[in-house]
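Spelled out, the chains give:
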Amino acid sequence: MNKTKLWLGIGSFVLAGSLADTHTMHNAIAGPQIRYNTDDAANPHLIGIAGTEAAGEGGEQGGESGGGAPASYALASTDPNAFNYDAKPQIEAYADLVASSYQAAVSTTQSLDQAIDELLANPDETTLAAARSAWVKARPAYLVTEAFRFYDGPIEEVEGRINAWPLNEAAIDYVRDSPKAGLINSGKDLTLDAIVAANQADDEANVTTGWHAVEFLLWGQDLSTDGPGARPASDYVAGTPANDRRRGYLSLVTTQLITDLSGLATAWQVDRPDGYAAMFKGLPQREAVGRMVNGMAILAGFELMSERLAVALDSGDQEDEHSCFSDTTHQDFVYDLQGIKNVWTGDANGKERAGLDDLVKSIDPATAENVTALLADAETKIAALGNPWDTVLASPEGSPARQAGEDVVTALQALGNGLTQAGAKLGVLVLIPAV
C-alpha cells in the first residue's frame, strides 16, 4: 500500500458525480469559489475551494475548526426532474437518532462522573480500576456521535474541548522526565475557567480538557509497549498540594465534559422550537441530506482512515494512537464505524428508524447495496485488527498485524468513496479532504 500522508492533501477535495450534475455547481454555491478539473468528463475532480479550509478534523490533529462547509450541499442539474425524492422520513429519523445518541453519551458520562467521585472519596487501586472501567464503558456512546460531525452542527463549537488529541501530557501533569510539569504543578489558579482557557491555547497538542485529559489523569503516561499507563492510586490521596490539585482537576474536567455533552443533547432536542434539530428539519431536504452524508463520508474516508489509522501506521509511534493512555484505540475504530452504520440504517439505541440506505435504494439499488457491502467489509477488517493498537504500530513492516491495519485503511477509503457516490445519486455535494 502507498502510505497515506496526512499533510500532503489538506485543502484539496475529491468529488464523485457526473458532469451533468456538477457543471453548474458554482452557481448553486454562494460564497466560496469552487475549482474543479474536468479533463475527465465522466468524473470531474474538485481540486479546491477558495477561501475555505478542509472540511476535516476539528480539535484533534490540525486545529479546532469545522471549516469547509459549503454555502450549499445541493448539486445543481440541468434536468428539472433530477433528485426528485422525499427524504422527510430520513431527516426526521436522523434528528431523533442524533438527539438520543447525545443523550446516551450524557448518561454514560454521568456514570463515569459517579465512579470518579467514588475514587476521590476513597482512593485505592479498586476505586481507580472502577473509574478506568467506567471511562472505557462511557466512550462508545460518544464515539458513535462522531458521525454527526464535519458540517456546521453544534458539535463544531465544542469538539476541541471534548475530544482533542494528540495530548501533550506535560501540559496537564507530571511526566517521566519532568516531575513538576503541567497546570497541576504550576501553582497557578486551577479554576475550570483557567483549565478551559488553556486548552490548545498556545499549541494544538496542549490539550487540557475532554475525554483524553480524563483518560490521562486516570491512567497516566503510557510508557509500555504492551499495556496501558499505570498511574498509582496514591496520586489521588488527599493531603499534598499536587494531589489536591490533581483531585480538583479531574473533577472539574469531568464536569465540563458532561456540560458540553449536555449542551449538544439540548441543542438536538427534537421538540425544542429554537434548537438546532428544528432548524435542521426545516432545511431544504438536500441541504439536510448533504450534512448527513458528509458526516459519514468524512469520518470514514478521512478522519478515521487517515488521521487515526494511516498516520499512526506511517509513524509507528504510539503517541499517534487515539486513546493511547488506556490502550483502547481498537474500540474507537469499532464504534466510529458503528456510528456511520447507525446513520446509514437509522437503527440505534433500541429503535428502528428510516435510514439513508432505503432512500438510496429507492433511487439506485446497486449503489445502496455497494455501500452496505463496504460497511460490512470495513466492519470485518476492523474486527480483525490487532489489539491493543500500539502492538500493531510496533510490528515490523510487512508483518500480518501491519497488513491488517493497511487493509482497514483501504476498506475505509473505499467506504468513503462509496458514500460519496451515494451522495451524488442523492444530488448532494460530498467533500472528503484528499490525502
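All of these numbers come straight from a predicted model, not from anything done at the bench.

### Side note on the overall build of the protein chain
Regarding its fold elements, the protein chain presents 15 helices and 4 strands. Look at the contacts in the protein chain between residues 6 or more apart in sequence, and 76% of them connect residues 24 or more apart. Surface accessibility of the protein chain: about 16,500 Å² in total, with carbon and sulfur atoms responsible for 50%.

### A look at the packing of aromatic side chains
Counted under the stated rule, the structure contains 12 aromatic pairs. Look at Y94 and W268: their rings are 6.1 Å apart centre to centre, the planes differ by 75 degrees, and that puts the pair in the edge-to-face class. With Y94 in helix 3 (residues 88-121) and W268 in the loop between helix 8 (241-267) and helix 9 (276-282), this residue pair connects regions lying 174 residues apart in the sequence. A relative accessible area of 2% means that Y94 is categorised as buried.

### Points about the environment of D390
Within the secondary structure, D390 is located in helix 14 (residues 389-393). Judged by relative accessible area, D390 falls into the buried class, the value being 2%. Residues D390 and T328, spaced 62 residues apart in sequence, show a C-alpha to C-alpha distance of 9.6 Å. The contact partners of D390, leaving out residues within four places of it in the chain, are D222, S224, T225, G227, Q318, E321 and D327.

### Topic: the packing of helix 5 (residues 155-162) against helix 8
The packing of two helices is summarised by the inter-axis angle and the distance between the axes. Put simply, helix 5 and helix 8 touch, their axes get as near as 10 Å, and they point 160 degrees apart. Considering their axes alone, helix 5 and helix 8 lie roughly antiparallel with respect to each other. For the pair helix 5 and helix 8, the sense of crossing is left-handed. Judged by residue contacts, I155, V158, R161 and I162 of helix 5 engage Q256, L257, D260, L261 and L264 from helix 8. For the contact of helix 5 with helix 8, the residue count by class is 6 nonpolar, 1 polar and 2 charged.

### Section: helix 11 (residues 329-345)
Along its 17 residues, helix 11 runs 25 Å from first to last C-alpha, staying within 8% of the 24 Å computed at 1.5 Å per residue. Summarising burial for helix 11: 12 of the 17 residues are buried, a large majority. Those residues of helix 11 that fall on the buried side of the exposure criterion are T329, H330, Q331, D332, F333, D336, L337, G339, I340, N342, V343 and W344. Taken from the residues just after helix 11, G346 is the one with a positive phi, measuring 85 degrees.

### Details of unusual backbone geometry
In most cases, non-glycine residues show a negative phi, while peptide bonds are predominantly trans. The omega torsion of the bond from W165 to P166 falls at -10 degrees, within 30 degrees of zero and hence cis. Looking at the element boundaries, P166 is found in the loop between helix 5 and helix 6 (192-198). Despite not being glycine, F83 has its phi angle at roughly 60 degrees, a positive value. In this fold, F83 is placed in the loop between strand 3 (45-50) and helix 3. Here D327, not a glycine, exhibits a phi torsion of approximately 60 degrees, which is positive. Take D327: it is sitting in the loop between helix 10 (285-315) and helix 11. Residue class for D327 comes out buried when judged on its relative accessible area of 9%.

### Some points on the packing of helix 4 (residues 125-143) against helix 11
The contact between helix 4 and helix 11 brings their axes to 8 Å, and the two run at 35 degrees. Helix 11 is crossed by helix 4, and the crossing has right-handed handedness. Only Q331, D332, Y335 and D336 of helix 11 make contact with helix 4, whose side of the interface consists of V136, R139, P140 and L143. Residues of the contact of helix 4 with helix 11, tallied by class, amount to 4 nonpolar, 1 polar and 3 charged.

### Let's talk about the pattern of salt bridges
A full pass over the atoms with the stated rule returns 19 salt bridges. Across the pair K381 and D377 runs a salt bridge whose closest N-O atoms are separated by 2.6 Å. Taken as a pair, K381 and D377 lie in helix 13 (residues 365-383) at a separation of 4 residues, close to a single helical turn. We classify K381 as partly exposed; its relative accessible area is 26%. Take D377: its relative accessible area is 31%, and that puts it in the partly exposed class.

### Observations concerning the environment of N84
By the secondary structure assignment, N84 is in the loop between strand 3 and helix 3. Sequence spacing of N84 and I363 is 279 residues, and the spatial spacing of their C-alpha atoms is 9.4 Å.

### Topic: the confidence of the model for the protein chain
For the protein chain, the average pLDDT comes to 86, and 84% of its residues sit at 70 or higher. Note on residues 1-67: pLDDT is under 50 here. Beyond four places in sequence and across chains, it has 181 contacts.

### Re the environment of N342
Tracing the backbone shows N342 in helix 11. A C-alpha to C-alpha distance of 9.7 Å links N342 and M296, two positions 46 residues apart in sequence. Setting aside anything within four residues of it in sequence, one finds N342 in contact with L97, V144, D347 and A348.

Calculation notes
Residues numbered from 1 in each chain as written. Predicted model: local features only at pLDDT ≥ 70, side-chain atom pairs only at ≥ 80, totals over all residues. Heavy atoms only, no water. Helix = DSSP H or I, 4+ residues; strand = E, 2+ residues; numbered from the N terminus. Contact = heavy atoms within 4.5 Å. Areas by Shrake-Rupley, 256 points an atom, 1.4 Å probe, with all protein chains shown as cover. Phe/Tyr/Trp six-rings, centres within 6.5 Å; stacked < 30°, edge-to-face > 60°. Buried < 20%, exposed > 50% of the residue type's maximum accessible area, 1.4 Å probe, protein only. Axes fitted to C-alpha atoms, helices over the stretch in contact; angles between N-to-C directions. Parallel < 35°, antiparallel > 145°, perpendicular 65-115°, else oblique. Left-handed = near helix turned anticlockwise from the far one by under 90°. Nonpolar A, V, L, I, M, F, W, Y, C, P; charged D, E, K, R; others polar. Expected span 1.5 Å × (residues − 1). Salt bridge = Lys/Arg side-chain N within 4 Å of Asp/Glu carboxyl O. pLDDT = per-residue confidence, 0-100.

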